[in-house]
Amino acid sequence: MLSRFLTQEIQDSLAQFPVVALLGARQVGKTTLAKLLSLDRKSVYLDLERQSDLNRLSDPEVYLSGQTDKLVILDEVQRVPSLFATLRALVDEKRGPGQFLILGPASPDLLRQSSESLAGRIRYHELGPLALRELKSPQKEWQELWLRGGFPDSYLAPSLGQSIQWRNAFIQTHLERDIPGFGIRVPAAILRRFWLMLAHNHGQIWNASQLAASLQVSAATANHYLDILEDTFMVRRLPPFFSNLKKRLVKSPKVYLRDSGLLHALLGVEDSDDLQARPGAGFSWEGWAMEQVFAWIPETWKPSFFRTAAGEEIDLILERPGKRGPIAVEFKYSSSPQVGKGFWKGLEYVKASKAFIVAPVKEAYPLKENVNVVPVHDLKAILA
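Residues numbered from 1 in each chain as written. Predicted model: local features only at pLDDT ≥ 70, side-chain atom pairs only at ≥ 80, totals over all residues. Heavy atoms only, no water.

Draft legend 1. Just the overall build of the protein, in detail. When helices and strands are counted, the protein shows 16 helices and 14 strands. By the compact-globule yardstick of 21 Å for 384 residues, the protein fits well, its C-alpha radius of gyration being 22 Å. Counting only C-alpha atoms, the protein reaches 65 × 45 × 45 Å along its principal axes. Considering only intrachain contacts with a sequence separation of at least 6, the fraction spanning at least 24 residues in the protein is 65%. Split by element, the accessible area of the protein, about 17900 Å² in all, is 48% carbon and sulfur. (Helix = DSSP H or I, 4+ residues; strand = E, 2+ residues; numbered from the N terminus. Rg over C-alpha atoms; globule rule 2.2 N^0.38 Å. Contact = heavy atoms within 4.5 Å. Areas by Shrake-Rupley, 256 points an atom, 1.4 Å probe, with all protein chains shown as cover.)

Draft legend 2. View of the sheet that holds strand β4 (residues 100-104). Spatial strand order, β2-β3-β4-β1-β5: five strands in an open sheet with parallel pairing. Whereas interior strands pair on both sides, the edge strands pair on one side only; in this sheet they are β2 (43-47) and β5 (122-126). Across the sheet, the mean angle from the axis of one strand to that of its neighbour is 15°, orientation sign disregarded. Sheet topology places strand β1 (residues 19-23) next to β4; five bridges connect them, and they run parallel. When the bridges of β4 are listed, Val19 appears paired with Phe100. Contacts from helix α2 (residues 30-37) reach β1, β2, β3 (71-75) and β4, with the element oriented near 165° to β4. (Pairing = 2+ DSSP bridges. Axes fitted to C-alpha atoms, helices over the stretch in contact; angles between N-to-C directions.)

Draft legend 3. Representation of the sheet that holds strand β8 (residues 254-257) in the model. In space, the three strands of this open sheet follow the order β6-β8-β7, with antiparallel pairing throughout. Edge positions in the open sheet fall to β6 (204-205) and β7 (235-238), since each of these has one partner strand only.

Draft legend 4. Fine view of the pairing of strand β14 (residues 371-375). Of all five residues in β14, four are buried; the element is thus mostly enclosed. Here strand β12 (residues 354-359) runs beside β14; their pairing, made up of five bridges, is parallel. Paired with Ile357 across the strands is Val373, a residue of β14. Sheet analysis places strand β13 (residues 365-368) next to β14, joined by three bridges and oriented antiparallel. For Lys368, the partnering residue across the bridge sits in β14 and is Val371. Linking β13 to β14, which pair antiparallel, is a turn of two residues; within it Asn370 sits at a positive phi near 65°. (Buried < 20%, exposed > 50% of the residue type's maximum accessible area, 1.4 Å probe, protein only.)

Draft legend 5. Inspection of the packing of helix α10 (residues 188-200) against helix α13 (residues 260-267) at higher detail. Relative orientation of the contacting elements α10 and α13 amounts to 105°, with a least axis distance of 9 Å. One finds that α10 runs roughly perpendicular with respect to α13. For the pair α10 and α13, the contacting residues are Trp195, Leu196, Ala199 and His200 in the first and Leu262, Leu263, Leu266 and Leu267 in the second. Across the contact of α10 with α13, the residue classes break down as seven nonpolar, one polar and no charged. (Parallel < 35°, antiparallel > 145°, perpendicular 65-115°, else oblique. Nonpolar A, V, L, I, M, F, W, Y, C, P; charged D, E, K, R; others polar.)

Draft legend 6. Spatial organisation of the side chain of Arg258. As for its placement among the helices and strands, Arg258 is situated in the loop between β8 and α13. Arg258 sits in the buried class, given a relative accessible area of 16%. Engagement of the side chain of Arg258 in a polar contact is seen with the side chain of Glu126, the distance being 2.4 Å. Ignoring sequence-local partners within four residues, the contact set of Arg258 consists of Glu126, Phe233, Met234, Val235, Arg236 and Glu291. (Polar contact = N/O pair within 3.5 Å; in protein donor to acceptor, adjacent residues only side chain to side chain.)

Draft legend 7. Representation of helix α1 (residues 7-14) within the structure. Among the residues making up α1, those that are buried are Thr7, Ile10, Ser13 and Leu14. Viewed end-on, α1 has its buried residues packed into an arc of 125°, placing them on one side of the element. Residues of α1 that are buried make contact with β1, α2, β3, β4 and β5. (Arc of directions from axis to C-beta.)

Draft legend 8. Quick peek at α2. When we look at burial in α2, the residues that qualify are Lys30, Leu33, Ala34 and Leu37. Taken down its axis, α2 places every buried residue within 100° of arc, on the same side.

Draft legend 9. Geometry of the nonpolar core. Leu74, Phe194 and Leu198 are the most contacted members of the largest nonpolar core, which has 73 residues in total. Per element, the largest residue contribution to this core is six residues, and it comes from α10. Apart from residues no more than four positions distant in its own chain, Leu198 is found in contact with Trp206, Leu211, Leu226, Leu229, Val235, Val255 and Leu257. (Core = buried A, V, L, I, M, F, W, Y, C linked by side-chain atoms within 4.5 Å.)

Draft legend 10. Region of interest: the packing of aromatic side chains. Overall, the coordinates contain 16 aromatic pairs when judged by the stated rule. On the numbers, 4.8 Å between centres and 45° between planes, the contact of Phe151 with Phe170 is tilted. Separated by 19 residues along the polypeptide, Phe151 in the loop between α7 (138-148) and α8 (152-155) and Phe170 in helix α9 (residues 160-181) bring together distant segments of the chain. Phe170 matches Phe151 in its accessibility class, with the two residues each being buried. Note on Trp166 and Phe170: the rings are 5.3 Å apart at their centroids and 25° apart in plane angle, and the pair reads as stacked. (Phe/Tyr/Trp six-rings, centres within 6.5 Å; stacked < 30°, edge-to-face > 60°.)

Draft legend 11. Region of the structure containing the pattern of salt bridges. On inspection of all chains with the given rule, the structure shows 25 salt bridges. A network of salt bridges, in which partner residues are shared, links Arg26, Glu49, Glu76, Arg79, Arg177 and Asp178. (Salt bridge = Lys/Arg side-chain N within 4 Å of Asp/Glu carboxyl O.)

Printed below as a string of structure tokens:
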């Protein structure tokens, strides 16, 4: 059993909120984590994709009223959106913490229903794929995690071939079963082509018109496709940094595939040697290492990227509430990373308080005052 860093946060939320939602892509380990959390308390688990469990909720108010002394875990809760009104009534009647733990993908319908019915009564947590900080030997395992990605069944597969097979099957299932299950009607073949295009543009500035032209659809349709993959946790849209600088700043977001394993599957990367030989290895590293940073920082921190029309650029800007000067983070896939003038000018423009260069090095070392090179397995330094 791999320890997930969200465990304690969810336990704290269950001690405070009547309803806690654990959201994330399919197969990231939500059910496993929920069952682990239920071991030290009375609980009942209902999988709403199973007809037998749905039958128990034929009259949800009657059934759930009889479980008031237990933590009720509702998996795939988006399958029964009418449940949210019942949960609200039961929560208002009892007014105690730790009544319901709901699991599901963050479909638009799920978020809308829960926010309308349970506002002020629910706390959300997002569970992503395995992060490097969750592995037992991060210094030794980072290359395998980068190659295979963080979905547990992919990372823990007995062989690389089986890992690739699992990822390809996941992509097909997500397109043909999961997305239609959210009530979204987009042909799987078209959405796969769009996803593949995103893989080839991983880490680049989003250009809806360019991708739309390739697909022979409108820019609005391309944006809709991007929303679908973002809402199902396949894609991360990183917004640009805005300030009162007297500079022309890039205003479009960057787009990354959130899991490096799925990125590599779409691109046909077969093994580590193949990955190293790819011209896009640096972009793959940037996206994967950035996800490792997000696994460490508090959810109140605001991430963005900085780029001017003149070319000054910083990969990641982290703004912290109540703190002066953001943290700047650059990603370099090199054992002796170097940064250009655009990075140093960017630090001045954003008035960064400190900066880090994340690279595949063995140990951290200073590059300049308040600028340090850090290994990907020691990202906790960013919080110091």
